[in-house]
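Observations on chain architecture
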Amino acid sequence: MNLLDRLRESFANAAPEGVDAAALGNSVRPGTDAKFGDYQANGCMALAKSLGVSPRDLAARVAEVVDLGDMALKPEVAGPGFLNVRIRDDWIARRLRELLDDPTLGVAPPRRTRTVVIDFSSPNVAKPMHVGHIRSTVIGDCLARLFEALGHHVIRDNHLGDWGSQFGMILWGWKNARDDAAYASSPVRELARLYRLAQSRIQGGDAGVEEASRRETAKLHAGDPENRALWQQFMPSCLEAIEAIYSRLGVRFDVRLGESFYDPMLAGVVDDLTSRGFAVESEGATVVFVEGSKTPFMVRKSDGAFTYATTDLATIQYRVKTWNPDLMLYVVDHRQGDHFKLLFEVARRWGFDRVDYRHVAFGTVLGADRRPFKTRDGDVVGLESLLDDAVSEARALIDANSPDIDPDERARIAETVGLAAIKYADLSQNRLSDYVFDWKKMVAMNGNTGAYHQYAFARIRSIFRKGEVDPYALRSRRPEITLGQPAERALAMQVLRFPETLELAANELKPNVLTDYLFETANRFSTFFEACPVLKAESAALRDSRLALSDLTARVLERGLGLLGIEVLERM
Ligand code: ARG
């Protein structure tokens, strides 16, 4: 159990008759200022009313009875009725020592293992991936890693858009404007060109192309042999192109069940909804009315076509039957919020109500002009070339900083630093806000960036190299830890908070909870390193203690960055 949970449990147990124990327990939070303590419980303010006593009196009573064992000092009552908790230094030191050879860094198995389906990335294939796809891919990957690290059963599902109207546009393009030589040399590029051609004709008001594309989609769905064969032919190269990006980003999936997979189930979904009376005819279409929503959920259009919504319902049915998940996450652009609200509501009414559904929404990636990211000619930048740009930016930095490292290794470092920059910049945002895509800031060594953390890790490694200390040998020696300096204690507390941070980030579905924690960790290490000589400590025992603290910090950084999908470097 993590430290925060232990405190919460102790406080819940200390609630007097008539006080909501869970509320009191849950009011325990990490303190905001170490001067006042490591944790703070502020529940007494709201809870005192139910007893008819003053918050300070209730706080005093709780402080008297709460059993914190040898973990913390007796809480102090402060202000209008806060309880400040200070963890005992000897307890911190003992606990840290135990962590030295604990590969999980204190993360215990969950009380109840949950099965979590994470629907993420899910691009519409046949359009090249662009900057908008980075967010779902990177946030979904991070959440998958987090839930896995906490001991849950995770299914990573790439719900590919492999069946939508973009194929009708490509089919129209193929039949009317294809360049066979171009297709032979680069199928994906040619398909993308055809897609863009159709798109620009339609956007330019060409109703003929629009109608023709729509008919091609309908024919594909109806099983027209020619369109099916073309679709079969296009798919492998489309998938190869997106796989190349995933493998470069180090993102993997357990299943890749795209929209086409659910096509055979759609008629059954609509029939079932209709026969149970949930779905009704409305102006020729089949819809489900949802209370409180102005627009109904359309499951079959008046022309007979099934919709994105029908597919999502079939998907839920399939996932529940196959994996029986407790939690289903949809890492999708915030603009689809209304769709998911309706989807979850209809799914629950349909009977799939044991699942906790969450739309993990995120904001837009902006250019320097604060408008959605575009190149100068107005085209959305391909993801591949963005990754390349980040890597060359990183390369310039490494070339300038470390000309002594050999060029091959510099290239490897640049790839790692460049990808880290992009991922970190994305994950460190509150996911709901928009953010500006800014090279210089992303790749910088200073500030809350990927490179800053990779550098912090490499710096700790260099201490060990310089002192010729083998970290494994140090860990198995299990040196005594001393926390004489405030900077040592502050860093030690931070290391102990690793497990509760993962829990918090997963509960709130917010990777930035983890990045904030890592930034604080790296900063506390800097303060510690300035204040406390490590290799030149006054005694061998103190040197070992500080090395152990440094080693734990490096492991927290490595593991934490790993959960963001970011690799560390021995040197940079
Ligand atoms: N392919 C969709 C898009 O690009 C996202 C799919 C999200 N997942 C889902 N189950 N609806 O907009």
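I will try to describe carefully the structure that is included in this document. Source: prediction; values computed, not measured. (Residues numbered from 1 in each chain as written. Predicted model: local features only at pLDDT ≥ 70, side-chain atom pairs only at ≥ 80, totals over all residues. Heavy atoms only, no water.)

**Some words on the packing of aromatic side chains**
Going by this rule: Aromatic contacts are taken between Phe, Tyr and Trp rings whose centres are within 6.5 Å, Trp giving its six-membered ring; a plane angle under 30 degrees counts as stacked, one over 60 as edge-to-face, and the others as tilted. Criterion for a charge above a ring: Lys NZ or Arg CZ within 6 Å of the ring centre, and within 35 degrees of the ring normal.
Tallied over the entire structure, the rule returns 20 aromatic pairs. Between W174 and Y183, the aromatic rings sit 4.8 Å apart at their centres with planes inclined by 75 degrees, giving edge-to-face as the arrangement. Judged by centre distance (5.9 Å) and plane angle (90 degrees), the ring pair of Y318 and W323 falls under edge-to-face. In textbook terms, an aromatic cluster arises when at least three aromatic residues are bridged by ring pairs, as seen for F261, Y262, Y318 and W323. Stacked on the ring of Y472, the Lys or Arg R475 has its end atom at 4.7 Å from the ring centre. Here the guanidinium or amino end of R497 rests over the ring plane of Y39, the centre of that ring lying 4.8 Å away.

**Quick notes on the site of the ligand**
To be explicit about the condition: Whether a residue is near a molecule or strand depends on its heavy atoms: it is near if one of them lies within 4 Å of it. Distance and chemistry together define a polar contact, namely a pair of N or O atoms within 3.5 Å, with one atom able to donate a hydrogen and the other to accept it when in protein, and with adjacent residues in sequence counting only for side-chain atoms on both sides. Per-residue and other accessible areas follow the Shrake-Rupley method at a 1.4 Å probe size, with only the shown protein chains counted as cover for residues. Residue polarity follows a fixed list, in which Ala, Val, Leu, Ile, Met, Phe, Trp, Tyr, Cys and Pro are nonpolar, Asp, Glu, Lys and Arg are charged, and the others, Gly among them, are polar.
The environment of the ligand is made up of D119, S122, N124, H159, Y308, D312, Y330, V332, Q336 and F340. A distance of 2.8 Å separates a nitrogen atom of the ligand from a polar side-chain atom of N124. Between an oxygen atom of the ligand and a side-chain N or O atom of Q336, the distance comes to 2.9 Å. Protein contacts shield 86% of the accessible area of the ligand, which totals 350 Å² for the unbound molecule. Here the residues of the shell around the ligand sort into four nonpolar, four polar and two charged.

**Description of unusual backbone geometry**
For clarity, the threshold we go by: Segments assigned H or I by DSSP are reported as helices when at least four residues long, segments assigned E as strands when at least two residues long, and all are numbered from the N terminus.
For S121, which is not a glycine, the phi torsion comes out positive at approximately 70 degrees. Assignment of secondary structure puts S121 in the loop between β5 (115-119) and α6 (132-149). Positive phi, close to 45 degrees, is recorded for N324, a residue that is not glycine. Tracing the chain through its elements places N324 in the loop between α14 (308-323) and β10 (327-331).

**Thoughts on the sheet that holds strand β11 (residues 356-360)**
Quick note on the threshold: Here a strand pair is declared whenever DSSP counts at least two bridges between the two strands. Fitted lines through C-alpha atoms serve as axes, helices being fitted only where they are in contact, and the angles separating the N-to-C directions of these axes extend from 0 to 180 degrees. Note on definitions: a residue-residue contact is assigned when non-hydrogen atoms from the two residues lie within 4.5 Å.
Pairing is parallel across the open sheet formed by four strands, whose spatial order is β6-β5-β10-β11. Of all strands in the sheet, those with a lone pairing partner are β6 (153-157) and β11, marking the two edges. On average, each strand axis in the sheet is inclined to that of its neighbour by 15 degrees, with strand direction left out of account. In the packing of α14 onto the sheet, contacts are made with β5, β6, β10 and β11, and the angle to β10 comes to roughly 140 degrees.

**Some details on the side chain of Q317**
Threshold: The rule is simple: take the accessible area with a 1.4 Å probe, protein chains only, and divide by the maximum for that residue type; under 20% is buried, over 50% is exposed, in between is partly exposed.
Positionally, Q317 belongs in helix α14. Looking at Q317, the relative accessible area reads 17%, which means it is buried.

**Digging into the pairing of β5**
Along any regular strand the residues' side chains alternate between the sheet's two faces. The test is simple: Here a crossover is taken to be right-handed if, once the strands point away from the viewer, the path from the first strand over the helix to the second is traced clockwise.
Most of β5 is tucked away: five of the five residues are buried. Taking every second residue as pointing to the same face, both faces of β5 are buried, with T115, V117 and D119 on one and V116 and I118 on the other. Two strands pair when backbone bridges link them, and β5 and β6 are joined in this way by five bridges, in the parallel orientation. Looking across to β6, one finds that V117 is bridged to I155. One crossover worth recording links β5 to the parallel β6 by way of α6, and it is right-handed. Relative to β10, β5 runs parallel, the two being bridged by four bridges.

**A short note on helix α15 (residues 337-350)**
Structural remark: α-helix, 3.6 residues per turn; residues separated by three or four positions point the same way. We apply this condition: Here the expected span of a helix is defined as 1.5 Å times the quantity of residues minus one.
Its 14 residues place the ends of α15 20 Å apart at the C-alpha level, agreeing with the 20 Å of an ideal helix rising 1.5 Å per residue. Residues of α15 that are buried include every one of G337, H339, F340, L342, L343, F344, V346, A347 and W350, and no others. Packed against the buried residues of α15 are α13 (266-275), β8 (285-288), β9 (297-300), α14, β10 and β11. Once α15 ends, the next one or two residues include G351, with phi positive near 120 degrees.

**Observations regarding the packing of helix α9 (residues 187-203) against helix α10 (residues 207-222)**
What counts is decided by this rule: For classification purposes, an angle smaller than 35 degrees is called roughly parallel, one larger than 145 roughly antiparallel, one from 65 to 115 roughly perpendicular, and anything else oblique. In this scheme the crossing of two helices becomes right-handed for a clockwise turn of the near helix relative to the far one and left-handed for an anticlockwise turn of less than a right angle.
As a packed pair, α9 and α10 sit with axes 7 Å apart at the nearest point and diverge in direction by 130 degrees. Between α9 and α10, the interaxial angle falls into the category oblique. Between α9 and α10 lies a crossing whose hand is left-handed. On α10, the residues that touch A198, R201 and I202 of α9 are V209, E210 and S213. Residues that form the contact of α9 with α10 fall into these classes: three nonpolar, one polar and two charged.

**Here's the deal with the side chain of E259**
Residue position: E259 is located in helix α12 (residues 259-262). For E259, a relative accessible area of 12% corresponds to the buried category.

**A closer look at the sheet that holds strand β3 (residues 76-78)**
Neighbouring strands of a sheet are bound in pairs by backbone hydrogen bonds; such pairs are parallel or else antiparallel. Ordered by their spatial adjacency, four strands build an open sheet running β1-β2-β4-β3, and the pairing between neighbours is antiparallel. Each edge of the open sheet carries a strand with a single partner, namely β1 (28-30) and β3. Within the sheet, the average angular offset between the axes of one strand and its neighbour, ignoring direction, is 30 degrees. Pairing geometry for strand β2 (residues 39-41) and strand β4 (residues 82-85), over three bridges, is antiparallel. By the bridge assignment for β4, A41 is matched with L83.

**Points about the packing of helix α16 (residues 383-401) against helix α17 (residues 407-427)**
The interhelical angle for the contact between α16 and α17, taken along N-to-C directions, is 125 degrees, at an axis separation of 7 Å. It follows that α16 is oblique to α17 by the angle criterion. As for how α16 packs across α17, the hand of that crossing is right-handed. Two secondary-structure elements touch here, α16 through L386, L387, A390, V391, A394, R395, I398 and D399 and α17 through P407, R410, A411, I413, A414, E415, V417, G418, L419 and I422. Split by residue class, the contact of α16 with α17 holds 13 nonpolar, one polar and four charged.

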